Amino acid sequence: ANQRKRRRGRYNSKYALTERLVCGDCGDYMRPKLTNRHAANGELIYTYMCSTKERSQSSRCQMKNANGNTLDAKVISEIKKLSEDRSFFADFLAQTKKAISGNREGYDAELLTLKEKLAENESSIKALVSSLTKSAGTSAEPYIMEQIQELHQTGEDMKNRLAELETLTEHQRFADQEFAFSCQMIESFAANVDDCTVEEKRRLLRAIVKKVVWDGENAWVYLFAGDGEADLPPFDAPEVPLREDSE
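Residues numbered from 1 in each chain as written. Predicted model: local features only at pLDDT ≥ 70, side-chain atom pairs only at ≥ 80, totals over all residues. Heavy atoms only, no water.

Remarks on the sheet that holds strand E4 (residues 66–67)
1) Next: Within the open sheet, the three strands sit side by side as E2-E3-E4. Their pairing is antiparallel. Here the strands that pair on one side only, and so sit at the sheet edges, are strand E2 (30–38) and E4.
2) Next: The sheet contacts of helix H3 (residues 68–84) involve strand E3 (44–50) and E4, and relative to E3 the element is tilted by about 85°. (Pairing = 2+ DSSP bridges. Helix = DSSP H or I, 4+ residues; strand = E, 2+ residues; numbered from the N terminus. Contact = heavy atoms within 4.5 Å. Axes fitted to C-alpha atoms, helices over the stretch in contact; angles between N-to-C directions.)

In structure tokens form, the structure reads like this:
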């Protein structure tokens, strides 16, 4: 058992989707499993098998294995396409932006108006405080105090809204930066992945791919992490002769 674990550790680092590919049925990771066959180019054929399926000997999960050689290459190919089609690339990556509701111009205009009204409100309070000293002990004093309290509450409400708007616009600014960074990552991946070793491809994929879900027929690729998760459309299962170790 220990020998198998050691072998698995060495093999895992050589396959692009290790620790990213999950079973669409039970949600467990799918691990690479070597076969005893070679492809026409001499490459050793391997599959990805659900860990739960392997441990339970198919009693708790019956997910079909995925052809690892084809799946790794297909995921890389589909990500590269994003940098080749500029319009699709932009539309797709726009999903990763944590867009704020409403429009940016409306928020900017409201921010400016609020700042002006807040300045006027504070000036009015200062004027009332000044008149309060002259009206001390008179019948006007309670009325002036009431006005000051009302203006103070109005000012607090405006400050809260101001802080909310500043937070929203700041999130939009960060979203724009994340969008540009995501574009650069995809472009860099497409430009360099063909010249990388398997280990280097795996590291590049880990920086871009959040997870890949295999449902037995399609692979669903989710790019980037966080609230702005985006996904690629599924691509069909590889058309290869199906066996338990070569699906």
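Now that the structure has been shown, we can carry on.
A short note on the packing of aromatic side chains
Aromatic rings considered in pairs are described by the distance between their centres and by the relative angle of their planes.
1) Next: Under the criterion given, the structure shown has two aromatic pairs.
2) Next: When the ring of Tyr-15 is compared with that of Tyr-46, the centres are 4.3 Å apart and the planes differ by 55°; the resulting orientation is tilted. Of this pair, Tyr-15 sits in the loop between helix H1 (2–12) and strand E1 (21–23) while Tyr-46 is found in strand E3, placing the two residues 31 residues apart along the sequence. The same class applies to Tyr-15 as to Tyr-46, namely buried.
3) Next: Ring plane angle 85° and centroid distance 5.9 Å describe the contact between Tyr-46 and Tyr-48, whose orientation is recorded as edge-to-face. The same class applies to Tyr-46 as to Tyr-48, namely buried.
4) Next: Members of the aromatic cluster, joined through ring pairs, are Tyr-15, Tyr-46 and Tyr-48.
5) Next: Positioned above the aromatic ring of Tyr-222 is the side chain of Lys-211, whose terminal nitrogen or guanidinium carbon lies 4.9 Å from the ring centre. (Phe/Tyr/Trp six-rings, centres within 6.5 Å; stacked < 30°, edge-to-face > 60°. Buried < 20%, exposed > 50% of the residue type's maximum accessible area, 1.4 Å probe, protein only. Lys NZ or Arg CZ within 6 Å of the ring centre and 35° of its normal.)

A closer look at the nonpolar core
1) Next: Within the largest apolar cluster, 30 residues are counted, with the highest numbers of intra-cluster contacts made by Leu-17, Leu-21, Tyr-48, Leu-71, Ile-79, Leu-205 and Leu-223.
2) Next: Of all elements in the fold, only E1, E3, H3, helix H6 (140–192), helix H7 (198–208), strand E5 (209–214) and strand E6 (218–223) reach the threshold of two or more residues within this core.
3) Next: With five residues, the top contributor of residues to this core is H3.
4) Next: Counting residues in each nonpolar core, the second largest holds seven residues, with Tyr-107, Leu-118, Leu-162 and Leu-165 among its members. (Core = buried A, V, L, I, M, F, W, Y, C linked by side-chain atoms within 4.5 Å.)

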